[in-house]
Amino acid sequence: MNLLKALDVAYGLLKSNNISSYKIDSELLLSDSLNISKEELILNLKKKITIDSYNKFLLKIERRRANEPIAYILKKKEFWKNEFYINKNVLIPRPETEHLVEETLNIFSKNQKKKLLEIGIGSGCLITSILKDRKNCSAIGIDNCLKAVKIAKINAKLHHITNRVKIIKTDVDNFNSGKYDLIISNPPYIDKHQLKYLGVSEYEPLKALNGGINGIEMLIKVINKSSQLLKVNGKLIVEIGSDQKYIVTRILKKNKFYINKIVKDLSNYDRCIVSTKLN
Ligand code: GLN
């Protein structure tokens, strides 16, 4: 069997399960099974596939067919300017979260030396992206999930920032050390009652999405902690749900934060709040 025929089989399998991205997914999974780039694959469609590779490929296609996100099967996802190692223990990095990177980079210029904290580091894609673009900054990243901490450490290593980041397994309530110029967080913010209706992938870790009642329980913790750990005039940048702008700005103001900016994502939903701790 040649590669083209293998792809054809995969197209059929994915199509029959209504996977609309069947073409690109099959190509990505085949190149991944063969350890070659997609371009190389396309140039070599007439080449033969070994039984071993074909079986490996079909196993991945079966996973995709069961609706497992392609990022988990490939164990990687592009975010900002880089590729990150991920697995089912962390949320798949989302494009809307790139606004948090962009806003942080807007605040600090290239050579500034600042201390950052990320609450709920997950895969580490946020803090890693920021530190790669701000070579004099250093950071602490915390997460209450040991499996996520391990992945964040792998990504810090992959991207050569281990000397500037310390990744700690702790929940936000028990973390009390240091004073920071900037705190970022993309906490779980989905209303716990809505989780099942949102069509959130059954494969992703629920505790990275479940924000409790009204989805704001973790946001409240992040804001309280930030008001304690930020320097005066320090910045807090958080990702929020599209319907949380009013409630979160109210909580921020109550905690003596000034609202600098509310950023919309590409789908025009309120997604990110930049604020300053006033005193
Ligand atoms: N934006 C994510 C989603 O809608 C939620 C991320 C989060 O809870 N932090 O799936």
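Read on for a plain summary of the structure. Every value quoted in this text rests on a predicted model; they were computed, and no experiment measured them.

**Focus: the pairing of strand E4 (residues 138–143)**
And then number 1: For E4, the buried fraction is high: five of the six residues fall into the buried class.
And then number 2: As paired strands, strand E3 (residues 115–119) and E4 are joined by five bridges and run parallel to one another. By the bridge assignment for E4, isoleucine 119 is matched with isoleucine 142.
And then number 3: Crossover handedness for the path E3 to helix H7 (residues 125–133) to E4: right-handed.
And then number 4: One ladder, built from five bridges, connects E4 with strand E5 (residues 165–169); its direction is parallel. Bridging from a neighbouring strand, aspartate 143 pairs with lysine 169 of E5.
And then number 5: In this fold, the crossover linking E4 to E5 by way of helix H8 (residues 146–158) has right-handed handedness.

**A short note on the environment of alanine 152**
And then number 1: Mapped onto the secondary structure, alanine 152 falls in helix H8.
And then number 2: Sequence separation between alanine 152 and isoleucine 86 is 66 residues; the distance between their C-alpha atoms is 8.8 Å.
And then number 3: Contacts of alanine 152, omitting those with residues within four sequence positions, involve Ile121, Gly122, Ser123, Gly124 and Ile167.

**So, H7**
And then number 1: In terms of burial, H7 is largely enclosed, as eight of its nine residues are buried.
And then number 2: Along H7, the residues classified as buried are Cys125, Leu126, Ile127, Thr128, Ser129, Ile130, Leu131 and Asp133.

**Thoughts on the site of the ligand**
And then number 1: Around the ligand, a shell composed of Leu91, Arg94, Glu96, Asn186, Pro187, Pro188, Tyr189, Ile190, Ala208, Leu209 and Glu239 is seen.
And then number 2: Asparagine 186 is positioned such that a nitrogen or oxygen atom in its side chain is 2.7 Å from a nitrogen atom of the ligand.
And then number 3: With respect to the ligand, the backbone of proline 187 contributes an N or O atom lying 2.7 Å from a nitrogen atom.
And then number 4: Look at the ligand: alone it shows 300 Å² of surface, and the protein chains cover 86% of it.
And then number 5: In terms of residue class, the shell around the ligand is built from seven nonpolar, one polar and three charged.

**Remarks on the nonpolar core**
And then number 1: Counting 28 residues, the largest nonpolar core has Leu117, Tyr180, Ile183, Leu236, Val248 and Leu252 as its most contacted members.
And then number 2: Sorting the residues of this core by element identifies E3, E4, strand E6 (180–185), helix H9 (217–229), strand E7 (230–239), helix H10 (245–254) and strand E8 (257–264) as the ones contributing at least two each.
And then number 3: Discounting chain neighbours no more than four positions away, the residues touching isoleucine 183 are Leu117, Ile119, Ser226, Leu229, Leu230, Lys235, Leu236 and Ile237.
And then number 4: Counting residues in hydrophobic clusters, the runner-up holds 27 residues, among them Cys137, Ala139, Val149 and Ile167.

Calculation criteria
Residues numbered from 1 in each chain as written. Predicted model: local features only at pLDDT ≥ 70, side-chain atom pairs only at ≥ 80, totals over all residues. Heavy atoms only, no water. Buried < 20%, exposed > 50% of the residue type's maximum accessible area, 1.4 Å probe, protein only. Helix = DSSP H or I, 4+ residues; strand = E, 2+ residues; numbered from the N terminus. Pairing = 2+ DSSP bridges. Right-handed = clockwise from strand over helix to strand, strands pointing away. Contact = heavy atoms within 4.5 Å. Near = heavy atom within 4 Å. Polar contact = N/O pair within 3.5 Å; in protein donor to acceptor, adjacent residues only side chain to side chain. Areas by Shrake-Rupley, 256 points an atom, 1.4 Å probe, with all protein chains shown as cover. Nonpolar A, V, L, I, M, F, W, Y, C, P; charged D, E, K, R; others polar. Core = buried A, V, L, I, M, F, W, Y, C linked by side-chain atoms within 4.5 Å.

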